[in-house]
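# Analysis of the macromolecular model
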Amino acid sequence: MGGNDILKVIKVNLSDGSTEERTIDNKMMEDFIGGRGLGIRLLYEENPPKVDPLGEENRLIFIVGPYTATSGSFTAFYNVTTKSPLTGTCSAAHSGGHFSPMLRKAGFDGLIIYGKARSPSYLYIEDGKLEIRDASDLWGKDVFETTSALKQKHPGSKSAVIGPSGEKLVRFAAIMNDNSRAAGRGGVGAVMGSKNLKAITVKGTGEIAMADQEFLKESFKKATQTVKEKAAAFANYGTAMVAGITGKGGCIPTRNFSTSWFDNYEMVTGDWMHKNGNFVRHAACYRCPLHCAKINKAFGDYESEIEGPEYETIALFGPNCGNDDANVIIKANYLCNKYGIDTISTADSIAYAIELFQKGYLTEKETGGKQLNWGDGHMIVDLVEKIGRREGLGDMLAEGVKRVSERFDEKARAFAIHVKGMEPPGYEPRSLTGMSLAYATSPRGACHLRGTIYVPELFTGVIDRLKLRGKTPTVVEYQDAATIFDSLIICKFGARNAFGNSVEQVAPLITAASGIRFNAEKLLKASKRIWTLERLYNLREGLTKVDDMLPERFYTEKIGEGPSKGQILDKEEFIAELEDYYTARGWDKDGVPKPELLDELDLTELVASNG
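About the thresholds
Residues numbered from 1 in each chain as written. Predicted model: local features only at pLDDT ≥ 70, side-chain atom pairs only at ≥ 80, totals over all residues. Heavy atoms only, no water. Helix = DSSP H or I, 4+ residues; strand = E, 2+ residues; numbered from the N terminus. Polar contact = N/O pair within 3.5 Å; in protein donor to acceptor, adjacent residues only side chain to side chain. Contact = heavy atoms within 4.5 Å. Axes fitted to C-alpha atoms, helices over the stretch in contact; angles between N-to-C directions. Parallel < 35°, antiparallel > 145°, perpendicular 65-115°, else oblique. Nonpolar A, V, L, I, M, F, W, Y, C, P; charged D, E, K, R; others polar. Salt bridge = Lys/Arg side-chain N within 4 Å of Asp/Glu carboxyl O. Buried < 20%, exposed > 50% of the residue type's maximum accessible area, 1.4 Å probe, protein only. Left-handed = near helix turned anticlockwise from the far one by under 90°. Pairing = 2+ DSSP bridges.

With respect to the helices, strands and loops of the structure, Arg36 is situated in helix α2 (residues 35-46). Within the structure, the side chain of Arg36 is placed 3.4 Å from the side chain of Thr483, a separation counted as a polar contact. The contact partners of Arg36, leaving out residues within four places of it in the chain, are Asn79, Ala92, Pro443, Arg450, Ala482, Thr483, Asp486, Ser487, Trp531 and Glu534.

Packing of helix α23 (residues 503-514) against helix α24 (residues 520-540) leaves a shortest axis separation of 9 Å and a crossing angle of 95°. Between α23 and α24, the angle is such that the two are roughly perpendicular. Each of Val503, Glu504, Ala507 and Ile510 in α23 lies in contact with α24, whose residues at this interface are Ala520, Leu523 and Leu524. Across the contact of α23 with α24, the residue classes break down as six nonpolar, no polar and one charged.

What follows is about the pattern of salt bridges. Enumeration over the complete set of coordinates arrives at 47 salt bridges. Among the salt bridges present, the one from Glu46 reaches Arg22, with a minimum N-O distance of 3.0 Å. Remark: Arg22 occurs in strand β2 (residues 18-24) and Glu46 occurs in helix α2; sequence separation between them is 24 residues. Of the two residues, Glu46 and Arg22, both sit in the buried class.

Here we come to the packing of helix α7 (residues 213-230) against α23. Taken N-terminus to C-terminus, the directions of α7 and α23 make an angle of 140°; their axes are 8 Å apart at the nearest point. For the pair α7 and α23, the sense of crossing is left-handed. The segment α7 lies against α23, with Phe215, Leu216 and Ser219 engaging Pro508, Leu509, Ala512 and Ala513. For the contact of α7 with α23, the class distribution of residues is six nonpolar, one polar and no charged.

With respect to burial, strand β4 (residues 78-83) is a largely interior element, six of its six residues being buried. Of the two faces of β4, the one holding Tyr78, Val80 and Thr82 and the one holding Asn79, Thr81 and Lys83 are both buried throughout. Relative to β4, strand β3 (residues 60-63) runs antiparallel, the two being bridged by three bridges. Among the inter-strand pairings, Ile63 is bridged to a residue of β4, identified as Asn79. By the bridge criterion, six bridges tie β4 to strand β5 (residues 90-95) in an arrangement that is antiparallel. Looking across to β5, one finds that Thr81 is bridged to Ala92. Following β4, the chain reverses through six residues before pairing antiparallel with β5; Gly88 in that reversal takes a positive phi of roughly 80°.

Honestly, that's just the spatial picture; any functional story needs more than this.
Right under this line is the structure:
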């Protein structure tokens, strides 16, 4: 990609071992950019309607963006798009590290994988050649073992792998690269496991085509200087610093989102881990001047060392499980990476199980004779292991909060915290009301990355975090920007800290990378096209506006303590804002994109031929 080349995307049928090239021309790139945008374009056309997410016909699409692996800054990311086994929605997950630059250097911009291998297999790609190889010796190995074994087999290579959780079809299994980097959300690892595909290993020596390499090199220098001046705290502590902000602000999910205040929040912050001796060293993705990743170690019963934990992992294995021991969080993170499972869904599922036990829905018969109590570190770590291996209670929790809740009555479903089947991240929606609308309207379910509204609500405080009505324009603005960043692909931390979260500032980067002239207006139209097609995909798969609602807890229970005390979401007010959102998006009262919008976005023919 670059210099007006077309993308090289290969379709791989694991059932018969055949491959064919799928042409992606410049027009499709102009309309959908790359990454997440191109992922949904391909999924909409390639996937049969109502496909079983764990069936052979569901496509697993690895795709980069035009900015990936170029000489610019924050260029490490790749995207994985599929139909989610957790939510039934289109699911796009992305990951950084060092895998995707090597994929491009090996001569590939994307893979469309379908079918099912007869036996455990892995893809080996080297300088334009792709082979399907036997992985019987790797099946059953954890992420760390698999990554190490492939590195020994193929020195100088990089791999994206699944662990035992992907093999056992845990519905929130991740695809892992570089041991600690995860395409984490939505169960993309389970889809990979359902295809008997253990890993994708890549090795390449090729050059990355760029239309204006010098411009991109210069932009890297400027980004480096900007983050040095404006993001020193973030560089020092990473996302772990956010726990101090949400904790102090009374916005951190606590005890299964029953409240947003945790007395001991300071004991799980990045600052605490530095002072407590957990911090080991900094780490970074490919061509990252920020170095926000942190290696931390845990002590005592929880001895381990891992890259992480990130803020979401801290919030959800910490306060949301009633836990104030950073060592427990680090160990839980270590195990999630080892087994290959999403930390957010894992922690939220455990929090739900604890509340179910506390309220009598689960008994010691289901828990194997163990009590589930808030803040019990050994129990939390044990349940992570059980989920990772699908053993005991972990087998049930591996289905995700929504499916677990369907075993119980309506009262238990009221505190089953998910949207569209996806468990939410570390931002409490009653105390950050814009996030309530962001969770509700995210195409993949409750998500902070589809629209980072917590930034203006809490980090910069430029809008009232406690007031919901009137948030639609801000939510749409941030969702559109995030869609563009996910399609370039550029790291969102880089986009925020080096480029001011500005579409105008990133437009020249994609032009310099691809040779296709982009400006802010053109990118924003592409983002609306991508967002609309994601909505159309979900509607095609059977979702409706009912799925845009939040759990009942947020409409019926006030926050009882802290700076957000008394906060609750008014249901009628929420529905009114949701209707305003539909209008702003060009959708009808049922959340269905109008025909004139499809015409405006050149989607009419695509929808008609793939409905």
